[in-house]
Amino acid sequence: MVDRFSIMILFIALYPILPTYFVVGNISGVFILVALFFILYLFTTHGKLTLKRPSNWTDIFMALFVVSTFVSGIVNEKWVSNIYYIAYVPVLGILIINEVDSEEKFNRVIEVLVSVAGLLFIFAVIETITGYNVFFY
């Protein structure tokens, strides 16, 4: 059986790689990935999702993020497309805070992020040299 941490690691690996211009129909690929993550994550809880309360600093930073993203969306006239982003990022933050509860899990998350960053670096070098974007089909 797949556990919640494995689902979260897969999400953390795919989220930075998925290009924002990837769409299925009129739905953003990022939005589809986030929706699948929520569904799979909640499915693995078997109806027993208990969340730890984040620290006050986490609340402050999430509130600042929401306000700054909302203001940025209004200024750039893209506020409608930012609504789902404003909604899911704090929820993702809370889920990740609750799931990464040991140093071993934290180190695994960092390893995945560094690996994905390395992969993106290789793709960026390929694009710089050849002019070919591996994500643009």
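Predicted model, so just to flag it, every value in this text is computed and none were measured.

> Hey, could you go over the overall build of the chain for me, with residue numbers and the actual values?
Along the chain, the regular secondary structure elements total five helices and two strands. Ordering the α and β elements of the chain from the N terminus gives α-β-β-α-α-α-α. Sorting the 137 residues of the chain into buried and exposed places 25% on the buried side. At a minimum sequence separation of 6, the contacts of the chain that also span at least 24 residues come to 68%. In the structure as shown, the chain presents an accessible area of about 9500 Å², 71% of it carried by carbon and sulfur atoms.

> Which residues make up a nonpolar patch on the surface, and what values do they have?
A surface patch of nonpolar side chains, about 670 Å² in accessible area, is lined by Phe121, Ile122, Val125, Ile126, Ile129, Tyr132 and Val134. For tyrosine 132, the position within the fold is in the segment after α5 (103–130).

What counts and how
Within every chain, residues take consecutive numbers counted from 1 along the sequence as written. It should be noted that, the model being predicted, local features are given only for residues of pLDDT at least 70 and side-chain atom pairs only at 80 or more, the latter also being counted only at that level, while totals for whole chains, interfaces and linings use all residues. The basis for every side-chain value is the complete set of non-hydrogen atoms in the structure, without hydrogens or water. Each helix is a run of H or I in the DSSP string that is no shorter than four residues. Each strand is a run of E no shorter than two, and both are numbered from the N terminus. Summary of the burial criterion: residues with accessible area below 20% of their type's maximum are buried, those above 50% are exposed, and those between are partly exposed, where the area comes from a 1.4 Å probe applied to protein chains only. A contact between two residues is defined here by any heavy atoms of the two lying within 4.5 Å. Surface accessibility follows the Shrake-Rupley procedure with a 1.4 Å probe radius. Residue values consider only the protein chains on display as shielding. Note on patches: the residues involved have over 30% relative accessible area and no salt bridge, like charges join within 9 Å, and the nonpolar side chains Val, Leu, Ile, Met, Phe, Trp and Tyr join within 5 Å. The working definition used for a salt bridge is a side-chain nitrogen of Lys or Arg within 4 Å of a carboxyl oxygen of Asp or Glu.

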